[in-house]
Amino acid sequence: MASARLIRWLSAALVLLTVLALSTAGLHLASDATVGRARLGPYYPALLGLAGLIAFVLAVVIALQVLRLLRALRQRAPGARLSARLSALIAVLCLPPALLVFVFAMNFLFGAVDSRFAAPVAAALDDALEVGRLYLEERRDGAERAVAELAAQLGESDRGQWPAQVDQAIDRLGALQLAVFAGDGAVLASASADPDWLRPVQPSQQQRLRAGTLGVAGEVVGAGDEIVLQAQAVVDEPLPPAARALLQAVFPVPARYVPLAQRIEAASADYRQLEFLRGALKLSMALVLGLVLLLVLLAALLLALRASRRLAMPVARLAEATTRIARGEFGATVGAVAGDDELGDLVDAFNSMSHELALAQASVRGTQALIESQRAYLDAVLTRISSAVVGLDAGGRVRLLNPAGERLLGAEAGQLQGQDLEALAALRPDLAPFAQRIGERLRAHASGWREEVRLPEAPGAPILLLRGSALVEPDGGRGHLVVFDDATVLQRAQREAAWAEVARRLAHEIKNPLTPIQLAAERLRRRYLGRMAPDDAEVLERATGTIVSQVESLKALVNGFSDYARPQPPRRLRVALNALIGDVLDLHAQDPRLTLERRLAVAEILVEADPDRLRQVLNNLLRNAVEAMAAGTDGGMRLEVASAVEPHEGRAMAVVEIRDHGPGLPAGFDLAAVEPYRSDKPRGSGLGLVIVQRILEEHGGWLEADSPGDGGARFRIRLPVLA
Amino acid sequence: MPCSNASDGAGGGRVARAGTVLAAVVLAACAGGERGGIEQAGLQRGDGRAELVLAVRLAPALREGLERGVPLNFLVEVTAGGERRESHRELRYLPLTRQYRLREPGLDYSRSFASAAAALAALERWPLPAPAHEGTVSIRVRLDRTRLPAPLVLPAVFDRRWRLDSGTRTWPAPA
């Protein structure tokens, strides 16, 4: 984070430094190229190429940034429009002032340049120069005359006298040097009045030609920092023109005049040069400053794009995060913004708000989960509870009906949902008293009540035990909850409890004397069997045998009573149901009268059960079937046993069907009405089916019984399959 | 030169002139009109001496510049036997004496001429130190634009009229 911030700072500083460097370099270049000495002249092409390259690179980068911005605009990316507006705004704010300043700066500079070229100055300089020229021309004319006179004098004497004449003349003429050259350039005579002019200066070819043509010629010659007058005249000799001697005199220009003339010449030359360069000066200024302006504007535009993107970025992130929050993604945060400004505060506040929202959402979800859990728990309770529950709103309309209620009322919850109790009465006329009583209680605004309702028209004339209680609805209304049970079932349970107590006491009272009776009978048999006559011994043998066997029967009966009275909680083991059925059937297959037909499921069925108790269930049902068939038929007995898995109310249930081909169930047989110690069999205890039902209920299952149309009885065991 | 002409109009709007000058940047790059150049360059060697013989033609703009005080510096680059030497000559107009002065600072050579033609004629016969190596000699003569007055250097980069360059000429070793 810190390094990223440092990199951003360095990047911005680099761009700013680049702009400053470009500006400074550009201004320096402008100064150098206009009023300076063009020291960078050799590098101008390279500098211009570099500037062009930088401008091109900047333009390409800006174009890429603009393209990216346009693409983001087309895709409606968050922050793109804001970034575009900021960029346009900054560009609009920057470009016109910069262009205006440039135009006015150029105007000012051009004006300043033009103001330097005033017409009177030019005329004055020209006049001064002309004065200087006239002075020099006058001096030159005087020099020509003096040289012409001396040449005429030399022409009247021999060449041998010339050195003396020249020596005499130099002081008289005030010349720096006098020299006489032959036609071939040889020095015939010379004299010098200045040590710097000891060596004769050869006239140029042009000077020779002019002197030869005109007879005498003179000119002003610059010699280093000095100005001298050189004048040549041909000596009139009786020789061919080419062979005639040439007299040359070098005259000084007064020392006071030279610097004045040089300054005038330099000023005039500079002024004329500047006048000539006025266009070039403006062009250089426009070129350099335009280039600097272009670079600075491009850099500024790039900075504007970057700045707008940086400014819009947090806003875009905020917009994106807001959209996510609007979609329900609470907790969406925005990355920290560099800089201690309002945007940073806004981002911090947003992140804090999002965090709080996430916490609130988590809390709401937790509460919802708790409510759902409680509702599921309540649903489970209502589903599992044996009592029927119906919930009514303030208008008496059904809001809730649990499965037990559906079973008792014989109607599905969906049918009654939102209907009032009159609809129930219309659906089930036999339940009219039930609906009527509840309606009466509701109208009386009873808060807690209890009542029994007999349904005389219903089959079996059940008695419903109702308990009502007022409820406050979630919307503030006053609802009602009615819990009702089939009182006949309750009564049966009460009877079963009473019978269990009877069985417990019976077992306790009977079991204790049985062992002494059995022991006494066996002792009688051992003591007196050998002493008695065969006939008496036979009677004793039969009698004691009967006593012992009956005691055994009584013990079995008492054990059955004990089992019924004090049931132990079943074990819970993984039991392979088909294998267990097979084991039990193998025992009964020993009976030669029995023909067993097995139709077990191909795949093994796993249930969670106590295997011993399941064996007891199967043995009880098989024994009942065999006994029923043995009593009703003389021939063979056919018993069919099948197993399968069937769905039941969304659960997989194992079904074991045992079907005999005996006389079938008695007319009006109802499993719900089966009670202990009531049996249709002469030797039955009346506990078999009761125990079977209890064991199955302990395992979450139940027993079904019916008589198929083609004869016999059919029992179905239903047990939950192990998931 | 056209650039100066463009800015000489008195009384015109300065803003308009600024735009005109900007446009001149482009126009100067492809400036037309009569162009000068170094049309010939030859080397004469013999008797241990060497002389560069040139045919220099100045464009009117350069002539005008010369007469208005712009010095023209010509640079000669001589490469012989891997050794490279430079010498330059300056041609300048002296308004006081109305003379043209040709000067070679390195050799203390300075001569004045009454006309530009005479000065150019002197420039076109450029004595060179005889190369010690008698093999291949490469010579390039050009107007040294970096020695022009400062305001002229930058426009001269774009103005072909100020581009006097013989290119590199190579002479084989004498037979």
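Description of the structure in this document. (Residues numbered from 1 in each chain as written. Chains lettered and ligands numbered in written order. Predicted model: local features only at pLDDT ≥ 70, side-chain atom pairs only at ≥ 80, totals over all residues. Heavy atoms only, no water.)

Side note on the overall build of chain A
(1) Moving on: A tally of regular secondary structure across chain A gives 18 helices and 17 strands.
(2) Moving on: Among the 723 residues that make up chain A, the fraction classed as buried is 38%.
(3) Moving on: Intrachain contacts of chain A at a sequence separation of at least 6 include 59% that bridge at least 24 residues.
(4) Moving on: Surface accessibility of chain A: about 39900 Å² in total, with carbon and sulfur atoms responsible for 58%. (Helix = DSSP H or I, 4+ residues; strand = E, 2+ residues; numbered from the N terminus. Buried < 20%, exposed > 50% of the residue type's maximum accessible area, 1.4 Å probe, protein only. Contact = heavy atoms within 4.5 Å. Areas by Shrake-Rupley, 256 points an atom, 1.4 Å probe, with all protein chains shown as cover.)

Here we look at the overall build of chain B
(1) Moving on: When helices and strands are tallied, chain B shows five helices and nine strands.
(2) Moving on: When each of the 175 residues of chain B is scored for burial, the buried share is 49%.
(3) Moving on: In chain B, the share of contacts with a sequence separation of at least 24, taken over all contacts with a separation of at least 6, comes to 59%.
(4) Moving on: Per element, the accessible surface of chain B, about 8100 Å² overall, is 50% carbon and sulfur.

Points about a nonpolar patch on the surface
(1) Moving on: A surface patch of nonpolar side chains, about 1100 Å² in accessible area, is lined by A:Tyr43, A:Leu47, A:Leu50, A:Leu53, A:Phe56, A:Val57, A:Val60, A:Val61, A:Leu64, A:Val66, A:Leu67 and A:Leu70.
(2) Moving on: Tracing the backbone through its elements, the reader meets A:Phe56 in helix H2 (residues 44–74). (Patch = residues over 30% accessible without salt bridge, like charges linked within 9 Å, V, L, I, M, F, W, Y side chains within 5 Å. Salt bridge = Lys/Arg side-chain N within 4 Å of Asp/Glu carboxyl O.)

Digging into the pairing of strand E7 (residues 125–128) of chain B
All names here are of chain B.
(1) Moving on: Residues Trp126 and Leu128 point to one face of E7 and are all buried, whereas Arg125 and Pro127, pointing to the other face, are not buried.
(2) Moving on: Strand direction decides the pairing type here: strand E2 (residues 49–57) and E7, joined by four bridges, are antiparallel. Looking across to E7, one finds that Glu51 is bridged to Pro127. (Pairing = 2+ DSSP bridges.)

Some remarks on helix H9 (residues 342–384) of chain A
Residues and elements named next belong to chain A.
(1) Moving on: Relative to the 63 Å expected for 43 residues at 1.5 Å per residue, H9 spans 61 Å between its end C-alpha atoms, a close match to the ideal helical length.
(2) Moving on: Within H9, burial applies to Leu343, Gly344, Val347, Phe350, Asn351, Ser354, Gln361 and Leu382.
(3) Moving on: In the core, the buried residues of H9 are packed alongside helix H8 (278–326), strand E6 (388–392), strand E7 (398–401) and helix H10 (403–409). (Expected span 1.5 Å × (residues − 1).)

Focus on the pattern of salt bridges
Residues and elements named next belong to chain A.
(1) Moving on: In this structure the tally under the stated criterion is 45 salt bridges over all chains.
(2) Moving on: A salt bridge links Arg133 to Glu130, with the nearest nitrogen and oxygen atoms 3.3 Å apart. Highlighted residues: Arg133 and Glu130, both in helix H4 (residues 119–155), separated by three residues, approximately one helical turn.
(3) Moving on: Classification of Arg133 as buried rests on a relative accessible area of 10%.
(4) Moving on: Classification of Glu130 by relative accessible area gives partly exposed; the value is 30%.

Overview of the sheet that holds strand E8 (residues 448–454) of chain A
Residue and element names in this part refer to chain A.
(1) Moving on: Across the sheet, which stays open at both edges, the five strands sit in the order E7-E6-E10-E9-E8 with antiparallel pairing between neighbours. One side of each edge strand has no neighbouring strand; the edge strands of this open sheet are E7 and E8. Each neighbouring strand pair of the sheet contributes to a mean axis angle of 20°, computed without reference to strand direction.
(2) Moving on: Across five bridges, the pairing between E6 and strand E10 (residues 478–486) is antiparallel. Directly across from Val390, in E10, lies its bridge partner Val482.
(3) Moving on: Contacting E6, E8, strand E9 (463–472) and E10, helix H13 (residues 432–443) runs over the sheet at an angle of about 160° to E8.
(4) Moving on: Of the strands in this sheet, E9 and E10 are in contact with helix H14 (residues 487–528), which crosses E10 at around 50°. (Axes fitted to C-alpha atoms, helices over the stretch in contact; angles between N-to-C directions.)

A closer look at the environment of A:Ala123
Residue and element names in this part refer to chain A.
(1) Moving on: Within the fold, Ala123 resides in helix H4.
(2) Moving on: Judged by relative accessible area, Ala123 falls into the partly exposed class, the value being 36%.
(3) Moving on: C-alpha of Ala123 to C-alpha of Ser268: the two residues are 145 residues apart in sequence and 9.9 Å apart in space.

A short note on the packing of H2(A) against helix H3 (residues 80–115) of chain A
Residue and element names in this part refer to chain A.
(1) Moving on: One way to put it is that H2 packs onto H3 with a least axis distance of 8 Å and a crossing angle of 140°. The orientation of H2 with respect to H3, classified from their angle, is oblique. The handedness of the crossing between H2 and H3 comes out as left-handed. Of the residues in H3, those touching H2 at Leu69, Ala72 and Leu73 are Ala80, Arg81, Ser83, Ala84 and Ser87.
(2) Moving on: Tallied by class, the residues present in the contact of H2 with H3 amount to five nonpolar, two polar and one charged. (Parallel < 35°, antiparallel > 145°, perpendicular 65-115°, else oblique. Left-handed = near helix turned anticlockwise from the far one by under 90°. Nonpolar A, V, L, I, M, F, W, Y, C, P; charged D, E, K, R; others polar.)

Quick notes on a negative patch on the surface
Residues and elements named next belong to chain A.
(1) Moving on: A surface patch of negative charge is lined by Asp341, Glu342, Asp345 and Asp348.
(2) Moving on: Within the secondary structure, Asp348 sits in helix H9.
(3) Moving on: On the basis of relative accessible area, Asp348 is assigned to the partly exposed category, the value being 47%. (Lys, Arg positive; Asp, Glu negative; His and termini not counted. Charge placed at Lys NZ, Arg CZ, Asp CG, Glu CD.)

Digging into helix H5 (residues 150–158) of chain B
(1) Moving on: With seven of its nine residues buried, H5(B) lies for the most part within the structure.
(2) Moving on: Turning to H5(B), its buried residues are B:Ala150, B:Pro151, B:Leu152, B:Val153, B:Leu154, B:Pro155 and B:Ala156.

Some details on the environment of B:Arg84
Residue and element names in this part refer to chain B.
(1) Moving on: Residue position: Arg84 is located in strand E4 (residues 83–94).
(2) Moving on: Arg84 has contacts with Glu77, Val78 and Thr79, leaving out every residue within four places of it along the chain.
(3) Moving on: There is a polar contact of 3.2 Å between the side chain of Arg84 and the side chain of Glu77.
(4) Moving on: One polar contact links Arg84 to Glu86, side chain to side chain, over a distance of 3.0 Å. (Polar contact = N/O pair within 3.5 Å; in protein donor to acceptor, adjacent residues only side chain to side chain.)

Observations concerning unusual backbone geometry
(1) Moving on: A positive phi angle, near 55°, is found at A:Glu649, a position not held by glycine.
(2) Moving on: Structurally, A:Glu649 is set in the loop between strand E14 (637–648) and strand E15 (651–660).
(3) Moving on: Phi is positive for B:Arg98, which is not a glycine, with a value near 55°.
(4) Moving on: Taking relative accessible area as the criterion, B:Arg98 reaches 40% and is therefore assigned partly exposed.

Section: the nonpolar core
(1) Moving on: Membership of the largest hydrophobic core comes to 50 residues, with the highest contact counts inside it found for B:Leu58, B:Leu72, B:Phe74, B:Leu128, B:Ile139 and B:Trp162.
(2) Moving on: Take this core: its biggest share by element is six residues, from helix H4 (residues 116–124) of chain B.
(3) Moving on: Once you skip the residues sitting within four places of it in the chain, B:Phe74 turns out to touch B:Val56, B:Leu58, B:Ser87, B:His88, B:Arg89, B:Leu123, B:Trp126, B:Arg142, B:Leu143 and B:Leu164.
(4) Moving on: If you look at the next biggest cluster of nonpolar residues, it comprises 47 residues, including A:Val551, A:Tyr564, A:Val584 and A:Leu687. (Core = buried A, V, L, I, M, F, W, Y, C linked by side-chain atoms within 4.5 Å.)

Topic: the packing of aromatic side chains
(1) Moving on: For the coordinates displayed, the defined rule picks out three aromatic pairs over all chains.
(2) Moving on: Sitting over the face of the ring of A:Phe110, A:Lys282 holds its NZ or CZ atom 5.6 Å from the ring centroid.
(3) Moving on: A cation over a ring is seen here: B:Arg89 above B:Tyr109, with NZ or CZ 4.9 Å from the ring centre. (Phe/Tyr/Trp six-rings, centres within 6.5 Å; stacked < 30°, edge-to-face > 60°. Lys NZ or Arg CZ within 6 Å of the ring centre and 35° of its normal.)

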